[in-house]
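Coordinate analysis (summary)
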Amino acid sequence: MLFGTLFALAAGLMWGLVFVGPLLLADYPAVMLSFGRYLAFGLIALPLAWLDWAAVRQLTRADWIEALKLTLVGNIVYYLFLSAAIQRAGGPLPTMIIGTLPVIIAIISNLRDGQRDGRLPWLKLAPSLLLIAAGIALVNQHELALLRADPNADLSRYGMGALLALGAVVCWTWYPIRNADWLRAHQDRSPRTWATAQGLVTLPVALLGFGLTWAYFEATQAPWVMPFGPRPEAFVGLMLTIGLCASWLGTMCWNEASQRLPTALVGQLIVFETLAALSYAYALRGQWPDATTAGGVALLVGGVLWALRVKPEGVQKATAAPVTH
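Just so it is clear, the structure is predicted and the values come from calculations on it, not from any experiment.

On to the overall build of the chain, then. What the chain contains, in helices and strands, is 15 helices and zero strands. A compact globule built from 325 residues would reach a C-alpha radius of gyration of about 20 Å, and the chain, at 20 Å, matches this within 12%. Dimensions of the chain, computed from C-alpha atoms along their principal axes, come out at roughly 60 × 50 × 30 Å. Here the chain, with 325 residues, has 53% of them falling under the buried criterion. For the chain, contacts bridging at least 24 residues in sequence account for 90% of all contacts bridging at least 6. Surface summary for the chain: the accessible area is close to 14,300 Å², and the carbon and sulfur share equals 69%. Charge separation in the chain, taken as the distance between the mean sites of 21 positive and 17 negative side-chain charges, equals 7 Å.

Put into structure tokens, the structure is as follows:
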């Protein structure tokens, strides 16, 4: 429990960085950020796969297909939605919409995986879910109040950002549950190797997407400098940082947590990503959160601490069920 929680915390701190990229590179389109990040992830995975080749070569064809599905939905499509959402609605609102993931995943996992992981009693789980939901509502209320007070605010653009963030929520509700299925069904496999495998299958997809984006810009005579845009040093440096820290290291830490903890519990610990992203967003703004936001954050933390006290009931000791394709 302790090591699983610490790995989830480390993953959250790493993943919080992905909310910074679209703000620091606000002049870059979302497709560049998504394909750039995962191109960096794939390139970083190549030497890591060579160092871990003995374990990588043990993966079967079915494993590689599963890794491809996970990387398409949970990496590329998710970050495409998220980047576009942040650029349209700013950092905090998409962050808090993504922050609903702990509640959504916990409920779905508790209904779906109780037989495998042990069921978290609803009465004991409810206070944690309510605290997290209340924290998310408080922060969203503050951001919406700021928006209404801004005479230059573009409500349609803000609304589109919210819809795109909801698309990201759908992708990342599916990803951790499916990823945990594989990890729990393959307890003998290294979470590090599985993170590297996802990076390897990401590389050709990201290369294709980057190439198609380049071709589209050329065909439409878009005023865009390819391959790295108007600020190549900032773009390449940030993509490599996010590719290493968030994509590979964050995924590895999350895999470690997913192999140690019930999916319903580890799903709630995604709140660490929300807390990290909020901290980074306010640091970029150069201001402290107001009382309402601080209260929302306190409720989020309280919800996580409560969740860690809940023990699963009826855990089966038998081998985990295989992944359903």
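Here we take up unusual backbone geometry. Cis peptide bonds are those with omega within 30 degrees of zero, and the linkage from Met226 to Pro227 qualifies with 15°. Note on placement: Pro227 falls in the loop between helix H11 (191–219) and helix H12 (232–260).

Another aspect to go through is the confidence of the model for the chain. Confidence in the prediction of the chain, expressed as mean pLDDT, is 83, and 92% of residues score 70 or more. The lowest-confidence element of the chain is helix H8 (residues 114–117), averaging 66 in pLDDT; the highest-confidence one is helix H4 (residues 53–56), averaging 93.

What follows concerns the packing of aromatic side chains. A full pass over the atoms with the stated rule returns eleven aromatic pairs. Look at Phe228 and Phe235: their rings are 6.3 Å apart centre to centre, the planes differ by 35°, and that puts the pair in the tilted class. One aromatic cluster is present, built from ring pairs that chain together Trp15, Tyr78, Trp172, Tyr175 and Trp254. Here the basic side chain of Arg37 rests over the ring of Tyr79, its NZ or CZ set 4.5 Å away from the ring centre.

By secondary structure assignment, the location of Thr202 is in helix H11. Taking relative accessible area as the criterion, Thr202 reaches 0% and is therefore assigned buried. It is 7.3 Å that separates the C-alpha atoms of Thr202 and Leu39, two residues lying 163 residues apart in sequence. In this structure the side chain of Thr202 is engaged in a polar contact, spanning 2.3 Å, whose partner is the side chain of Thr71.

Our focus in this paragraph is the packing of helix H3 (residues 30–51) against H11. Each pair of packed helices can be described by the angle between their axes along with the distance between the axes. Taken N-terminus to C-terminus, the directions of H3 and H11 make an angle of 140°; their axes are 7 Å apart at the nearest point. When the interaxial angle is binned, H3 and H11 end up oblique. Pair H3 / H11 crosses with left-handed handedness.

Once that is clear, we can look at the state of the cysteines. Across all of its chains, the model carries zero disulfides by this definition. For Cys245, which is in no disulfide, the shortest distance to another cysteine sulfur is to Cys253 and amounts to 10 Å.

With that settled, the discussion passes to the nonpolar core. If you look at the biggest cluster of nonpolar residues, it comprises 87 residues, and the most contacted ones within it are Tyr78 and Leu82. Element by element, the count of residues in this core is highest for helix H10 (residues 155–185), at eleven residues. Apart from the residues within four sequence positions on either side, Leu82 is in contact with Val18, Phe19, Pro94, Ile98 and Ala168.

With that out of the way, let us pick up a nonpolar patch on the surface. Together, Leu2, Phe3, Leu6, Leu9 and Leu13 give the surface a local cluster of nonpolar side chains, amounting to about 480 Å² of exposed area. Considering the arrangement of structural elements, one finds Leu2 in helix H1 (residues 2–15). Given a relative accessible area of 59%, Leu2 falls into the exposed group.

Moving on: the side chain of Arg37. Mapped onto the fold, Arg37 is located in helix H3. For the buried Arg37, no salt bridge is present, and the opposite-charge side chain at shortest range is Glu273, 7.3 Å distant.

What follows covers helix H7 (residues 101–112). Over its twelve residues, H7 extends 16 Å from the first C-alpha to the last, a length consistent with the 16 Å expected when each residue adds 1.5 Å. For H7, the set of buried residues is Leu101, Pro102, Val103, Ile105, Ala106, Ser109 and Asn110.

Below, the discussion takes up the pattern of salt bridges. Enumeration over the complete set of coordinates arrives at six salt bridges. Salt bridges sharing common partners tie together Asp63, Asp188 and Arg189.

When you line up the elements, Ala195 lands in helix H11. C-alpha separation for the pair Ala195 and Ser247, spaced 52 residues apart in sequence, amounts to 8.3 Å. Beyond its immediate stretch of four places on either side in the chain, Ala195 contacts Phe41, Trp248, Thr251, Met252 and Asn255.

Remark: H3 packs on H12, axes separated minimally by 8 Å, with the N-to-C direction vectors making an angle of 60°. Viewed along their axes, H3 and H12 form a crossing whose handedness is right-handed. Facing H3, whose interface residues are Met32, Leu33, Gly36, Arg37, Tyr38, Ala40, Phe41, Ile44 and Leu48, H12 presents Phe235, Met239, Leu240, Ile242, Gly243, Leu244, Ala246, Ser247 and Trp248. By residue class, the composition of the contact of H3 with H12 is 14 nonpolar, three polar and one charged.

Definitions and limits used
Every residue gets a number counted from 1 within its own chain, in the order that chain's sequence is written. Side-chain atom pairs in this predicted model are given and counted only at pLDDT of 80 or more, local residue features only at pLDDT of at least 70, and totals for whole chains, interfaces and linings cover all residues. For side-chain calculations, the full set of non-hydrogen atoms in the structure is used, while hydrogens and water are omitted. For the purposes of this entry, the term helix denotes a DSSP run of H or I that reaches at least four residues, the term strand denotes a run of E that reaches at least two, and both are numbered from the N terminus. Note that the radius of gyration is over C-alpha atoms, with the globule rule given as 2.2 Å times the number of residues to the power 0.38. Accessibility here uses a 1.4 Å probe with only protein chains present; expressed as a share of the type maximum, an area under 20% marks a residue as buried, one over 50% as exposed, and anything in between as partly exposed. Contacts: residue pairs with any heavy atoms within 4.5 Å of one another. With residues, only the protein chains shown are counted as cover, and all accessible areas are computed by Shrake-Rupley using a 1.4 Å probe. When charges are counted, Lys and Arg contribute as positive and Asp and Glu as negative, whereas His and the chain ends are disregarded. Note that the charge is assigned to NZ on lysines, CZ on arginines, CG on aspartates and CD on glutamates. For every residue, the pLDDT score states the predictor's confidence, bounded by 0 at the bottom and 100 at the top. In this analysis, rings of Phe, Tyr and Trp, with Trp reduced to its six-membered ring, are considered paired at centre separations within 6.5 Å, and the interplanar angle assigns stacked below 30 degrees, edge-to-face beyond 60, and tilted for intermediate values. When the NZ atom of lysine or the CZ atom of arginine is within 6 Å of a ring's centre and also within 35 degrees of its normal, the charge is said to sit over that ring. Here a polar contact is taken to be a pair of N or O atoms separated by no more than 3.5 Å, where protein atoms must pair a possible hydrogen donor with a possible acceptor and residues adjacent in sequence count only if both atoms sit in side chains. To obtain an axis, a line is fitted to C-alpha atoms, over the contacting stretch when the element is a helix, and the angle between two such axes runs from 0 to 180 degrees between their N-to-C directions. For classification purposes, an angle smaller than 35 degrees is called roughly parallel, one larger than 145 roughly antiparallel, one from 65 to 115 roughly perpendicular, and anything else oblique. Take the far helix as the reference: if the near one is turned anticlockwise from it by less than a right angle, the crossing is left-handed, and if turned clockwise, right-handed. The disulfide definition used here is simple: a pair of cysteine sulfur atoms within 2.5 Å. Within this scheme, the nonpolar core is defined by two criteria: the residues are buried Ala, Val, Leu, Ile, Met, Phe, Trp, Tyr or Cys, and they are joined through side-chain atoms within 4.5 Å. Surface patches are drawn from residues lacking salt bridges whose relative accessible area is over 30%; two like charges belong together within 9 Å, two nonpolar side chains (Val, Leu, Ile, Met, Phe, Trp, Tyr) within 5 Å. One speaks of a salt bridge when a side-chain nitrogen belonging to Lys or Arg is within 4 Å of a carboxyl oxygen belonging to Asp or Glu. Every helix has an expected span of 1.5 Å times one less than the residues it contains. Classes in brief: Ala, Val, Leu, Ile, Met, Phe, Trp, Tyr, Cys and Pro nonpolar; Asp, Glu, Lys and Arg charged; the others, Gly included, polar.

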